[in-house]
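A closer look at the structure
Take a look at the letters that make up each chain.
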Amino acid sequence: MEKIEKMLAIWVEDQNKKKMTVNSHVIRTKALKLYEHLRQGHRDASSAEPFAASKGWFDKFQKRQNLHNIKMKGYINSGENVSNYDFSDEFKAVVTAEGYKPEHVFNLDEVSLFWKRMPSRTFIS
């Protein structure tokens, strides 16, 4: 368990350096993957104690590693304002060049849904 937690702490720090947000679900999932990877590498994998990466484990891990859940700060409107960009001519050119039919085209607003659902909080050490 100690080895898993050290590896996990390094991974969380790496994600922070890459400006990737990590929440408790992501950390717990990564902990399970690390556990499975290490368990497969051991000869006595059947005798290893079970690990579930439960909420209770995460709360204790968070305290041991001194992780803080903070709100991400930044400028939402930094850079070019894409919503004012007119894609119609470029879109028509791509549709014509690729030979798509109108029934092949679906809603273009789906990308903005993911942009608005970006996580606003992350864990840092």
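Heads up: the structure comes first, above all this text.
These lines cover the structure that appears in this document, whether it is placed above or below. From a predicted model like this one, the values you see are computed outputs, not experimental measurements.

1. Considerations on the environment of N16
Summarising the element assignment, N16 is placed in helix α1 (residues 2–17). Measuring from C-alpha to C-alpha, the distance between N16 and F123 comes to 8.1 Å, with 107 residues separating the pair along the chain. Those residues within four positions of N16 in sequence are excluded, and the remaining contacts are V22, T122, F123, I124 and S125.

2. Details of helix α3 (residues 55–64)
Those residues of α3 that fall on the buried side of the exposure criterion are W57, F58, F61 and Q62. Axial view of α3: buried residues confined to an arc of 135 degrees, hence all on one face. For α3, the exposed residues set more than 90 degrees away from the buried face come down to K60 and K63. Two residues or fewer past α3, N66 is found with a positive phi of approximately 55 degrees.

Scoring rules and cut-offs
- Residues numbered from 1 in each chain as written.
- Predicted model: local features only at pLDDT ≥ 70, side-chain atom pairs only at ≥ 80, totals over all residues.
- Heavy atoms only, no water.
- Helix = DSSP H or I, 4+ residues; strand = E, 2+ residues; numbered from the N terminus.
- Contact = heavy atoms within 4.5 Å.
- Buried < 20%, exposed > 50% of the residue type's maximum accessible area, 1.4 Å probe, protein only.
- Arc of directions from axis to C-beta.

Interpretation in functional terms is not warranted from these geometric data alone.
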